[in-house]
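Spelled out from the first residue to the last, the chains are:
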Amino acid sequence: MFTSSAKLLLATLLCVECATASAADLYVICNSRVPLSAADVRDLFLGEKQFAGAVKLVPVDNSAAQIAFLDKVLKMNAAKYSTTWTKKSFRDGINPPLIAGSDAEALADVRRTPGACSYVTTPTPTDVVVVSRL
Amino acid sequence: MGTTKHPRANRGRSWVGALLVAGLGHSPVTHAATNDSDRIAVLEQKLDQSLQLIHQLSARVHDLEAQAAHGAPPEADKRSGTAAAAQTGAAAAIAPDTAQRLAKVEQTVNQMAASAGQHAEEGLATHGFADVGIGNHNAEFSKYQGADVGELDFFLTPRLGSRTRALFELNFEVGSDGTVGVDLERAQIGYQFADSATVWLGRFHTPYGYYNTAFHHGQQIATSLRRPRFIDFEDHGGIMPAHTVGAWLTGSERVGDQRVTYDVYIGNSQRITGGALDMNNAGNTHGSTIVGGNLGLLLSGTLDGLKVGVDAFQTRIGDEDQSPSYVTQVRSFGTYAAYDTDNWEDIAEFHVFSNQDLTGHTGTHHSDAGFVQIGYRAGRYTPYARYERGAFQQSDHFFAAQTNGSSYYREALGLRFDVDLVSALKLELAETRLTDRVIGSYDEALLQYAIRF
């Protein structure tokens, strides 16, 4: 029989485990008409890949999950990412990704914009394509 | 051969040193940046809460719409059990009206969101850079000392569509005579056929080596306080044609885990006038061209961040300060390596010149120039060191005709402090030694405050 303290401890551990599992999940999603592979994600968010077939790609950063995305996918910190895009924009005349403020906003952008891709921390509905799960 | 110190070097050093120390007392700046960060964090939190609320309302709208369509109570009401069942009649009476109003609200929100998205896609993206400085010499024109205005650089990248691209750079800068001039540094319009091929027409940065296309007029994005002297811009004394007016094919392609980059270009050959290179914006009168290319390899895996490459160009450049014009066929061959990671920014670039005298028939002259720069990003501080050298044959009319065409060495130690993501303070101590046309040297203590916006 569990005492109340033991129950509290167990509940806390379960919550921590749930939170850890949730934080570890990152879904890269694209508009349903975007033929993109997981291997292209890094190039997409660094401006090296701008087309998938005839579709013009529109990367959308999700500020709510950006730190995890930069760490897992681009292997760089936020300052380096910002500097990289400033240089890229200044050199090649292309603009950095648009920025969504949350999973919901990122999802709405991806649904609405042909060619759009972003990343979210929650499982996504079926009307967008999950390019990779990290 | 003796070495003489620049006469102004010692005179201005003491008060400039005091100003540099004062300038680096950045505690108030840091504090201000921290306050901004806190405010931004609070605003982001509020924005997230608002978006969450919008999301919940949107879900509620869908719920009510579904109820109106099927005549069924919403999920929340289902869960409320008997009480909900007792109120079903009244809810059914007001639901159509509520659903209609909510539908209108949702439509308005959607229109606003679509409109905002459209503006973001089609707007005119404008960026800018600016810098000011102080030192015992002007960083670009060493005859001046004291405080100086560097430049105000406006950078436009209009969103024109999926494949058409444009890039304009309008620069207000102080020239060698101390007055402010305006220069259309870049004016490029291009068409992107694919990721691997974009064609640009107009005036662009000549894609030789690494530095000339990686860093441009905005000093905030460059780690160091200024460009290496020999690849400085033409009107700042650079001895290589930094700009070309013509056509440029560029792109990159992934090959396995690596990425290959390339540039091929052709344009108006440059000329020398007033002791400096000019890129012949309007075209030239003799039809000669500059032709060149650059091939690079971006490595991955353990060498991620490393780019190596080679480049070459050939052009015929006339010295129009002479009558008749004195023409040199300039050939340049270069190689470079750049290692750019979260912590390191190391760049090395080397060029050799094989220039043939087409007027005086004095033969072919060989010269070379290069630099090595090492920088380490330690949080907001980036100390860096640079060594550069230019060994230019003064019997080569191409170099002899240019004001800054003399051979030199320069050693520099610097420290960059990122006040925040968009502004940086840079301190550089340097010694420049001129080794042939004029024998001498001068020390510099320079401070620069550079921003982008």
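What counts, and at which threshold
- Residues numbered from 1 in each chain as written.
- Chains lettered and ligands numbered in written order.
- Predicted model: local features only at pLDDT ≥ 70, side-chain atom pairs only at ≥ 80, totals over all residues.
- Helix = DSSP H or I, 4+ residues; strand = E, 2+ residues; numbered from the N terminus.
- Buried ≥ 20, exposed ≤ 12 C-beta atoms within 10 Å, placed from the backbone.
- Contact = placed C-beta atoms within 7 Å.
- Nonpolar A, V, L, I, M, F, W, Y, C, P; charged D, E, K, R; others polar.
- Pairing = 2+ DSSP bridges.
- Axes fitted to C-alpha atoms, helices over the stretch in contact; angles between N-to-C directions.
- Expected span 1.5 Å × (residues − 1).
- pLDDT = per-residue confidence, 0-100.

### Re the overall build of chain B
- If you tally the helices and strands in chain B, you get seven helices and 18 strands.
- Within chain B, the proportion of its 453 residues that are buried is 34%.
- Considering only contacts within chain B whose residues lie at least 6 apart along the sequence, 56% involve residues at least 24 apart.

### Topic: the overall build of chain A
- Counting its regular elements, chain A contains five helices and seven strands.
- The N-to-C order of helical and strand elements in chain A reads α-β-α-β-β-β-α-α-β-α-β-β.
- The long-range fraction of contacts in chain A, counting pairs at least 24 apart against all pairs at least 6 apart in sequence, stands at 67%.

### Description of the interface of chain B and chain A
- Tallying the contact residues gives 31 residues for chain B and 27 residues for chain A.
- Counting only elements with at least two residues in the side of chain B that touches chain A, the list comes to helix 3 (27-70), helix 5 (82-122), strand 1 (124-135), strand 2 (146-158), strand 3 (164-174), strand 4 (180-194) and helix 6 (211-214) of chain B.
- Per-element tally for the side of chain B that touches chain A: the top contributor is helix 3 of chain B, with five residues.
- Residues that form the side of chain B that touches chain A fall into these classes: 12 nonpolar, 12 polar and seven charged.

### Details of the sheet that holds strand 1 (residues 27-31) of chain A
All names here are of chain A.
- Ordered by their spatial adjacency, five strands build an open sheet running 5-4-6-1-7, and the pairing between neighbours is mixed. Edge positions in the sheet fall to strand 5 (98-100) and strand 7 (128-133), since each of these pairs with one other strand and no more. On average, each strand axis in the sheet is tilted by 30° relative to the strand beside it, whichever way the strands run.
- Inspection of the sheet shows strand 4 (residues 58-62) paired to strand 5 by three bridges, in the parallel sense. Pairing of N62 across the sheet is with A100, part of strand 5.
- The strands touched by helix 5 (residues 103-112) are strand 1, strand 4, strand 5, strand 6 (116-120) and strand 7; relative to strand 6, the strand with the most contacts, the crossing angle is about 160°.

### Considering the environment of G305 of chain B
All names here are of chain B.
- Within the secondary structure, G305 sits in the loop between strand 10 (289-298) and strand 11 (306-319).
- C-beta crowding within 10 Å serves as the criterion here: with 19 such atoms nearby, G305 is assigned to the partly exposed category.
- Apart from the residues within four sequence positions on either side, G305 is in contact with Y339, D340 and T341.

### A few points about helix 4 (residues 78-92) of chain A
- A rise of 1.5 Å per residue sets the reference length of helix 4 of chain A, with its 15 residues, at 21 Å; its end C-alpha atoms lie 21 Å apart and thus fit the reference within 8%.
- Within helix 4 of chain A the residues assigned to the buried category are Y81, T83, F90 and D92 of chain A.
- In this structure, the buried residues of helix 4 of chain A make contact with helix 3 (66-74) of chain A together with strand 2 of chain B.
- Of the residues one or two after helix 4 of chain A, G93 of chain A is the one with positive phi, at around 70°.

### Side note on the pairing of strand 16 (residues 408-420) of chain B
Residue and element names in this part refer to chain B.
- Both strand 15 (residues 381-391) and strand 16 contribute to a ladder of 10 bridges, which runs antiparallel. Of the residues in strand 16, the one forming a bridge with E388 is R410.
- Summarising the sheet, strand 16 and strand 17 (residues 423-435) pair through 12 bridges and their orientation is antiparallel. In the sheet register, L413 faces strand 17, and the bridge partner there is L429.
- Turn length for the strand 16-strand 17 hairpin, with the two strands adjacent in sequence and antiparallel, is two residues.

### Details of the pairing of strand 10 of chain B
Residues and elements named next belong to chain B.
- The alternating pattern of strand 10 places I290, G292, N294, G296 and L298 on a buried face and T289, V291, G293, L295 and L297 on a face that is not buried.
- Bridge count for strand 10 against strand 11 is nine bridges, and the pairing is antiparallel. Residue pairing across strands places G296 opposite G309, the latter belonging to strand 11.

### What to know about unusual backbone geometry
Residue and element names in this part refer to chain B.
- Here S323 and P324 are connected by a cis peptide whose omega angle stands at 0°.
- With a phi close to 55°, N280 is a non-glycine residue in the positive phi region.
- Among the structural elements, N280 can be located in the loop between strand 9 (276-278) and strand 10.
- Here the phi dihedral of H361 falls at roughly 55°; this positive angle occurs in a residue that is not glycine.
- Of the residues examined, H361 has 7 C-beta atoms within 10 Å and is grouped as exposed.

### Some details on helix 5 of chain A
- Burial within helix 5 of chain A is extensive, with eight of its 10 residues counted as buried.
- Among the residues of helix 5 of chain A, those classed as buried are D103, A104, E105, A106, L107, A108, D109 and V110 of chain A.

### Some points on the confidence of the model for chain A
- The pLDDT averaged across chain A works out to 82; a share of 82% of its residues lies at or above 70.
- A low-confidence stretch, residues 8-22 of chain A stays under pLDDT 50, and its non-local contacts, those more than four residues away or across chains, total one contact.

### What to know about the environment of L57 of chain A
All names here are of chain A.
- Here L57 lies in the loop between strand 3 (55-56) and strand 4.
- You can call L57 buried: it has 24 C-beta atoms within 10 Å.
- Considered as a pair, L57 and V73 are 16 residues apart in the sequence and their alpha carbons are 18 Å apart.
- In this view, L57 contacts V34, L44, K49, Q50, F51, A52, G115 and C117; residues no more than four positions away in its chain are not counted.

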